[in-house]
Amino acid sequence: MACNSCSTGKDGQPKGCKNNGTCGTDSCNKLTVFDWLANMSLPNGEEPFIGVEVRFKNGRKQYYKNTENLTLSIGDIVATQAKSGHDIGMVTLTGELVRIQMKRKKVDINDEEEVLKIYRKANQKDIDVWSSARDKEEAMKVKARQFAIDLKLKMKISDIEYQGDASKATFYYTAEERVDFRELIKVFAKEFRTRIEMKQVGFRQEAARLGGIGSCGRELCCSTWLTDFRSVSTSAARYQQLSLNPLKLAGQCGKLKCCLNYELDAYLEALKQFPKTEIKLHTEKGTAVCQKTDIFKGHMWYAYEGEWMNWHKLTTDQANEIIEKNKKKQKVASLEEYAVELLEDTKVAFENVVGQDSLTRFDSPKRKKKRRNNRGKQKRNNKSRNNAKK
């Protein structure tokens, strides 16, 4: 999604709103929520909900109380209460939809420690301090990583976020083991001359904060709409018959892709109709072993022991029928009598009668060139030469 100002210009170059992450329509931001209740009026006597959703850097969101009854809309820059000082963020959601979001995330509006209040709309001075602090973050991240390397700490500093009043800097880092960073904090405080807070995040949370493009060509789900990170196991790939290649199954966070869970329930529901692949089919001709399954078409391929190159295709109903007979100690004659029923008709149902699938149907017909009779011309030349000699 994008607003109208993100369209391309006459020369094909993207214009962009140049608001540097403060798009007024909130459509260029991460984890946006469409306010489908915005055009609905409240019942008579019902006061608007005082809760407001505010977004900070890289999709970090918090809920605040609008105790001053400010007229707020999506995209407004506000100064919010912090544990010490104030922070600057952007309003991403207001009204009754905030109540639903807070209920879903189990946030109590009356909890004064968790839900702070909004002071005011940010003035130009607040925005200038906030912008200057944000400009320092990239250079600080380079220095901070070098300090961690010098102290031989096994950690990666992935992001730095300044508080809106530039009084505190939060360092987000990832580490596989427990890290003693007391000496590192002293170095940071001496070098950057501000209050330091260290916050460890998981590898998936790191990818969600930084964002990126996935192997599917779209933005990462965790940085655009996915908020709950469910555990993903390799069994999800096995059920979907995917090759267990860690390079293809892993996302940018290094963990298994979250999208492996999206269609897993549909596959599990379809696999209920399939017999287990380890069950062998006993026939008078021999014992058959399952070689391959097609979940979408509901087919299974079996091969006799010792004849591994010859596969016989059966439907799930036919396989289940043979298994039921085997349980009653009955054997079918062979798999061929079942496989004959699945012979596919190779006749083409579509015939090209008007040439609509021709790639050159719109090309102008080429004119046929008259073939010159080179032999007759050569005879005439020879006759003229002989006459000239006489």
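Here, the structure is the one placed above.
Residues numbered from 1 in each chain as written. Predicted model: local features only at pLDDT ≥ 70, side-chain atom pairs only at ≥ 80, totals over all residues. Heavy atoms only, no water.

Undergrad: How should the overall build of the chain be read in this particular structure?
TA: If you tally the helices and strands in the chain, you get eleven helices and twelve strands. Burial status across the chain gives 36% buried among its 390 residues. For the chain, the share of sequence-separated contacts (at least 6 apart) that also reach a separation of at least 24 residues comes to 59%. Within the structure as shown, the chain displays about 27,300 Å² of accessible surface, and the carbon and sulfur contribution to it stands at 50%. (Helix = DSSP H or I, 4+ residues; strand = E, 2+ residues; numbered from the N terminus. Buried < 20%, exposed > 50% of the residue type's maximum accessible area, 1.4 Å probe, protein only. Contact = heavy atoms within 4.5 Å. Areas by Shrake-Rupley, 256 points an atom, 1.4 Å probe, with all protein chains shown as cover.)

Undergrad: Can you help me understand the side chain of threonine 170 in this one?
TA: Structurally, threonine 170 is set in strand S7 (residues 168-174). Apart from residues no more than four positions distant in its own chain, threonine 170 is found in contact with Asp159, Ile160, Glu161, Glu197 and Lys199.

Undergrad: Would you mind showing me how to read the sheet that holds S7 here?
TA: Strand pairing within a sheet occurs via backbone hydrogen bonds; the two strands may be parallel or antiparallel. The strand order across the open sheet formed by three strands is S6-S7-S8, and the pairing between neighbours is mixed. Both outer strands of the open sheet, strand S6 (156-162) and strand S8 (195-200), are each paired with one neighbouring strand and no more. Going from strand to strand, the sheet's axes swing by 25° on average, the running direction of each strand aside. Sheet topology note: the S6/S7 ladder contains six bridges and is antiparallel. Following the sheet pairing, lysine 156 is matched in S7 by threonine 174. Where helix H2 (residues 124-150) meets the sheet, it contacts S6 and S7, and its direction lies at approximately 155° from that of S6. Lying over the sheet, helix H4 (residues 203-210) contacts S6 and S7, oriented at roughly 50° with respect to S6. (Pairing = 2+ DSSP bridges. Axes fitted to C-alpha atoms, helices over the stretch in contact; angles between N-to-C directions.)

Undergrad: Is there a simple way to think about the pairing of S8 in this case?
TA: Across a regular strand the side chains alternate sides, sitting on one face of the sheet and then on the other. In this structure, S7 lies alongside S8, joined through six bridges in parallel fashion. In the strand pairing of S8, lysine 168 is matched with arginine 195. In this view, the connection linking S7 to its parallel neighbour S8 by way of helix H3 (residues 182-192) has right-handed handedness. (Right-handed = clockwise from strand over helix to strand, strands pointing away.)

Undergrad: In this structure, what is going on with the environment of leucine 260? I would like to understand it.
TA: Inspection of the secondary structure assignment puts leucine 260 in the loop between helix H7 (246-249) and helix H8 (264-271). Overall, leucine 260 belongs to the buried group, its relative accessible area being 7%. Between the C-alpha atoms of leucine 260 and alanine 237, which are 23 residues apart in sequence, the distance is 6.7 Å. Excluding residues that lie within four positions of it along the chain, leucine 260 makes contacts with Val232, Ala236, Gln240, Leu242 and Leu249.

Undergrad: Help me understand the packing of aromatic side chains, please; the structure alone is not making it clear to me.
TA: The geometry of two aromatic rings is summed up by the distance between their centres and the angle between their planes. Scanning the model with the defined rule gives nine aromatic pairs in all. Considering the side-chain rings of phenylalanine 147 and phenylalanine 188, the 6.3 Å spacing of their centres and the 50° angle between planes classify their relative orientation as tilted. Linking phenylalanine 147 in helix H2 with phenylalanine 188 in helix H3, this pair joins segments that are 41 residues apart in sequence. The two residues phenylalanine 147 and phenylalanine 188 agree in class, both being buried. The interplanar angle of 55° and the centroid separation of 6.4 Å between the aromatic rings of phenylalanine 147 and phenylalanine 192 together place this pair among those described as tilted. (Phe/Tyr/Trp six-rings, centres within 6.5 Å; stacked < 30°, edge-to-face > 60°.)

Undergrad: What should I look at first to understand the pattern of salt bridges in this one?
TA: A pair can form between side chains of opposite charge whenever their charged atoms are brought close. All chains considered together, the criterion is met by 22 salt bridges. Its salt-bridge partner being arginine 209, residue glutamate 161 comes within 3.6 Å of it at the nearest N-O pair. Placement of the pair is glutamate 161 in strand S6 and arginine 209 in helix H4, with a sequence separation of 48 residues. For the pair glutamate 161 and arginine 209, one class covers both residues: buried. What emerges from the salt-bridge pattern is a single network uniting Lys57, Arg60, Asp87, Arg134, Glu137, Asp159, Glu161 and Arg209. (Salt bridge = Lys/Arg side-chain N within 4 Å of Asp/Glu carboxyl O.)

Undergrad: Quick question: what am I supposed to make of the packing of H2 against H3 here?
TA: Geometry of a packed helix pair, given as the angle between the helix axes and the separation of the axes. Taken N-terminus to C-terminus, the directions of H2 and H3 make an angle of 145°; their axes are 10 Å apart at the nearest point. Remark: the crossing between H2 and H3 carries right-handed chirality. Within the contact between the two elements, H2 uses Met140, Lys143, Ala144, Phe147 and Ala148 and H3 uses Leu184, Val187, Phe188, Glu191 and Phe192. For the contact of H2 with H3, the per-class residue count stands at eight nonpolar, no polar and two charged. (Left-handed = near helix turned anticlockwise from the far one by under 90°. Nonpolar A, V, L, I, M, F, W, Y, C, P; charged D, E, K, R; others polar.)

Undergrad: What is the right way to look at the nonpolar core in this model?
TA: Ranked by size, the top nonpolar core spans 20 residues in total, and within it Met155, Ile157, Phe171, Leu184, Phe188 and Met198 carry the most contacts. Mapped onto this core, the elements with two or more residues apiece are H2, S6, S7, H3 and S8. Residue contributions to this core peak at five residues, all from H2. If we ignore the near neighbours within four places in the chain, the residues touching isoleucine 157 are Lys141, Ala144, Arg145, Phe171, Tyr172, Tyr173 and Phe188. (Core = buried A, V, L, I, M, F, W, Y, C linked by side-chain atoms within 4.5 Å.)

Undergrad: Would you take a moment to explain H4 for this structure?
TA: Quick reminder: α-helices carry 3.6 residues per turn. Residues three or four places apart thus point the same way. Residues of H4 that are buried include every one of Arg204, Glu206, Ala207, Ala208 and Arg209, and no others. Residue glycine 211 follows H4 closely and has a positive phi angle near 75°.

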